[in-house]
Amino acid sequence: MRYHWIEDIEEFCKIAREWDEALAASTGYNPFLFSDFIITWWKYFNDNYALRIFVVYDGGNIAGGIPLYI
C-alpha cells in the first residue's frame, strides 16, 4: 500500500474516474464522496482554503481516500 496527498483540484480531476469506480465498488455508499460533488464543492466553497485529498493505493488501484481542506 502507498498513499498520496493531492493538493490541487486539477490533479484530482485526473483520477476522478478511478476515484468514482473505487467508491462505487465499496460497501459504504456516500454520494458526497463522488468526484462530481467534490469538484463542485471545491469550486464554490474553497474560499482560500488549502485542498488536501488523501488517497490510498493498493497495487496501483485506489483503495480509499478522504477529501479535506485546511
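One can find the structure itself at the top, above this paragraph.
Description of the structure in this document.

Reading the values: rules and limits
- Residues numbered from 1 in each chain as written.
- Predicted model: local features only at pLDDT ≥ 70, side-chain atom pairs only at ≥ 80, totals over all residues.
- Heavy atoms only, no water.
- Helix = DSSP H or I, 4+ residues; strand = E, 2+ residues; numbered from the N terminus.
- Rg over C-alpha atoms; globule rule 2.2 N^0.38 Å.
- Buried < 20%, exposed > 50% of the residue type's maximum accessible area, 1.4 Å probe, protein only.
- Phe/Tyr/Trp six-rings, centres within 6.5 Å; stacked < 30°, edge-to-face > 60°.

1. Some points on the overall build of the chain
Right, so step 1: Along the backbone of the chain there are 2 helices and 3 strands.
Right, so step 2: Scaling as 2.2 N^0.38, a compact globule of 70 residues should have a C-alpha radius of gyration of about 11 Å, and the chain matches this with 12 Å.
Right, so step 3: Referenced to the eigenvectors of the C-alpha coordinate spread, the extents of the chain come out at roughly 35 × 25 × 20 Å.
Right, so step 4: Considering the chain as a whole, with its 70 residues, one finds that 24% of them fall into the buried category.

2. Considerations on the packing of aromatic side chains
Right, so step 1: Across all of its chains, the model carries 8 aromatic pairs by this definition.
Right, so step 2: Ring geometry for W5 and F54: centres 4.8 Å apart, planes at 55 degrees, overall tilted. Residue W5 is found in strand 1 (residues 2–6), and its partner F54 is found in strand 2 (residues 51–58); the two are separated by 49 residues along the sequence.
Right, so step 3: Taking relative accessible area as the criterion, W5 reaches 37% and is therefore assigned partly exposed.
Right, so step 4: A relative accessible area of 23% places F54 in the partly exposed class.
Right, so step 5: Judged by centre distance (5.8 Å) and plane angle (55 degrees), the rings of Y29 and F34 are tilted.

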